[in-house]
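Fold and contact review
Listed here are the chains, written in short residue letters.
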Amino acid sequence: MVSKREKLYQAVERLKGLRCPVCGGDVERAGEAFACARGHSVNVHRKGCLNVLSVPIESCYDRGLFAARRQVFAAGCYAPVVEAVEALLPEGKHCLLDAGCGDGWYLNALLTRHPDWCGAGVDISRDAIIAATDQPCAAVWCTADLRRLPFRDGCFTAVLDVLTPASYAEFARVLTDGGLLVKVYPGREYLRELRAARGLPPYEEGQVDAYLRQKTTVMGEKRVTAAWPVTPELWRSFVWMTPLNQDLSAEEKEALAVKPADTVTIDLHVAACRWRA
Ligand SMILES: C[S@@+](CC[C@H](N)C(=O)[O-])C[C@H]1O[C@@H](n2cnc3c(N)ncnc32)[C@H](O)[C@@H]1O
Ligand SMILES: [Zn+2]
């Protein structure tokens with residue numbers, strides 16, 4: 001069986017886009033690590049991922065949250081988003097960056113369906129990237145800030161940004177000419193039942209949408225909307241997986257978990273956009 005480290009080396013080789021996080025120079029394999037000509041090195045974790053953050057960042061995106069997300073993904077509630085992304089990408093071979101990839105579920109789904117594509121997933125949460133290394137696909141998993149990506153200019157044909165803050169200029173830098181940003185952001189009804197359980201009003205849609213249209217030309221878009229029936233177990237996973245509840249204690253989350261709704265609504269915009277400089 002190929003080790004996680006070996007999978008990472010293969011993914012770096014296929015991507016041909018890793019650069020030094022300090023000076024931006026090219027990096028080469030140097031023993032078990034990667035290094036640039038000036039001697040800066042990027043170590044490879046035994047779990048098969050990289051870390052280019054100089055200091056670790058505290059995050060609510062921790063192991064508990066990703067364990068719950070795994071249950072929600074396994075239930076299929078986000079599978080239509082993968083189909084929408086695929087439908088919006090032009091035909092051909094892609095090299096994808098999943099920016100704020102979380103546990104890598106989307107990138108894995110896309111690379112598994114298209115074995116000739118390659119990809120990288122970055123997230124600022126170390127727990128997210130460690131969880132991502134459990135995905136079966138070979139990808140360059142890296143703990144990094146999406147505002148300062150350790151990749152060469154123009155090395156991705158598409159950047160995926162799912163429910164994550166964006167850095168439009170940095171995404172434009174790493175995209176090929178004509179490359180696409182695929183942004184997934186909440187519609188008004190997104191997680192309506194979970195918001196209602198907290199006494200919160202529906203999402204206000206306007207801001208992300210307006211900014212996206214100001215900075216980019218939207219080339220194609222889809223809306224993924226469905227009310228998924230949920231078992232009490234799946235409701236509990238939703239309660240634990242959403243950053244909506246990050247301010248609650250474990251006891252408060254459990255109190256929400258014992259009052260399940262019948263459905264959870266997924267309502268997401270998926271937009272494929274081109275940067276307007
Ligand atoms: C709501 S989660 C979405 C995760 C994943 N895209 C998904 O849909 O499953 C937002 C993710 O963005 C990451 N994130 C937030 N700010 C970031 C930054 N500046 N750089 C990289 N990742 C960031 C968080 O750690 C978290 O994993
Ligand atoms: Zn360097």
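Before any of the text, the structure's been laid out above.
Residues numbered from 1 in each chain as written. Chains lettered and ligands numbered in written order. Predicted model: local features only at pLDDT ≥ 70, side-chain atom pairs only at ≥ 80, totals over all residues. Heavy atoms only, no water.

Taking strand neighbours across the sheet as the criterion, the three strands line up as 1-2-3 in an open arrangement whose pairing is antiparallel. A strand with exactly one partner marks an edge of an open sheet, and here the two such strands are strand 1 (27-30) and strand 3 (41-42). (Pairing = 2+ DSSP bridges. Helix = DSSP H or I, 4+ residues; strand = E, 2+ residues; numbered from the N terminus.)

Quick look at helix 1 (residues 4-15) now. Its twelve residues give helix 1 an end-to-end C-alpha distance of 16 Å, which sits within 8% of 16 Å, the value for a rise of 1.5 Å per residue. Listing the buried residues of helix 1 in full gives Lys7, Leu8, Tyr9, Ala11, Val12 and Leu15. Just downstream of helix 1, Lys16 is the residue with a positive phi angle, here 50°. (Expected span 1.5 Å × (residues − 1). Buried < 20%, exposed > 50% of the residue type's maximum accessible area, 1.4 Å probe, protein only.)

A separate point is the packing of aromatic side chains. Going through the model one piece at a time under the given rule, you end up with ten aromatic pairs. Each ring, one from Phe73 and one from Tyr106, has its centre 5.7 Å from the other, and the planes form 85°; the classification is edge-to-face. Taken together, the residues Phe73 in helix 2 (residues 63-74) and Tyr106 in helix 4 (residues 105-113) connect sequence positions 33 residues apart. Owing to a relative accessible area of 8%, Phe73 belongs among the buried residues under this scheme. Ring geometry for Phe151 against Phe156: centres 5.2 Å apart, planes inclined by 90°, an arrangement best described as edge-to-face. Of the residues examined, Phe151 reaches a relative accessible area of 0% and is grouped as buried. Taken together, the ring pairs connect Phe73, Tyr78, Trp105 and Tyr106 into an aromatic cluster. Above the ring of Tyr9, the side-chain terminus of Arg29 is found at 3.5 Å from the ring centroid. (Phe/Tyr/Trp six-rings, centres within 6.5 Å; stacked < 30°, edge-to-face > 60°. Lys NZ or Arg CZ within 6 Å of the ring centre and 35° of its normal.)

Turning next to the environment of Phe151. Note that Phe151 resides in the loop between strand 8 (140-143) and strand 9 (156-162). Apart from the residues within four sequence positions on either side, Phe151 is in contact with Leu15, Gly17, Leu18, Arg19, Leu97, Ala120, Val122, Val140, Phe156, Arg173 and Val174. (Contact = heavy atoms within 4.5 Å.)

Looking now at the packing of helix 3 (residues 79-88) against helix 4. It is the contact of helix 3 with helix 4, at a shortest axis distance of 10 Å, that shows an interaxial angle of 55°. Put simply, helix 3 runs oblique to helix 4. For the crossing formed where helix 3 meets helix 4, the hand is right-handed. In contact with Ala79, Val81, Val82, Glu83, Val85 and Glu86 of helix 3, helix 4 contributes Trp105, Tyr106, Ala109, Leu110 and Arg113. When its residues are assigned to classes, the contact of helix 3 with helix 4 shows eight nonpolar, no polar and three charged. (Axes fitted to C-alpha atoms, helices over the stretch in contact; angles between N-to-C directions. Parallel < 35°, antiparallel > 145°, perpendicular 65-115°, else oblique. Left-handed = near helix turned anticlockwise from the far one by under 90°. Nonpolar A, V, L, I, M, F, W, Y, C, P; charged D, E, K, R; others polar.)

Okay, the packing of helix 9 (residues 232-241) against helix 10 (residues 250-257) next. With their axes 9 Å apart at the nearest point, helix 9 and helix 10 run at an angle of 145° to one another. Judged by the sense of rotation from one axis to the other, the crossing of helix 9 with helix 10 is right-handed. Taken together, the residues of helix 10 that come into contact with helix 9 (itself represented by Trp235, Arg236, Val239 and Trp240) are Ala250, Lys253, Glu254, Leu256 and Ala257. Taken together, the residues that form the contact of helix 9 with helix 10 break down as six nonpolar, no polar and three charged.

What follows concerns the site of ligand 1. With respect to spatial proximity, 19 residues lie near ligand 1, and among them Gly100, Asp123, Asp145, Leu146 and Val162 are the closest. In this structure, Asp123 approaches ligand 1 through a side-chain N or O atom, which is 2.5 Å from an oxygen atom. Across the complex, the protein chains shield 92% of the 600 Å² of accessible surface that ligand 1 would expose by itself. Classifying every residue of the shell around ligand 1 by side-chain character gives eleven nonpolar, four polar and four charged. (Near = heavy atom within 4 Å. Polar contact = N/O pair within 3.5 Å; in protein donor to acceptor, adjacent residues only side chain to side chain. Areas by Shrake-Rupley, 256 points an atom, 1.4 Å probe, with all protein chains shown as cover.)

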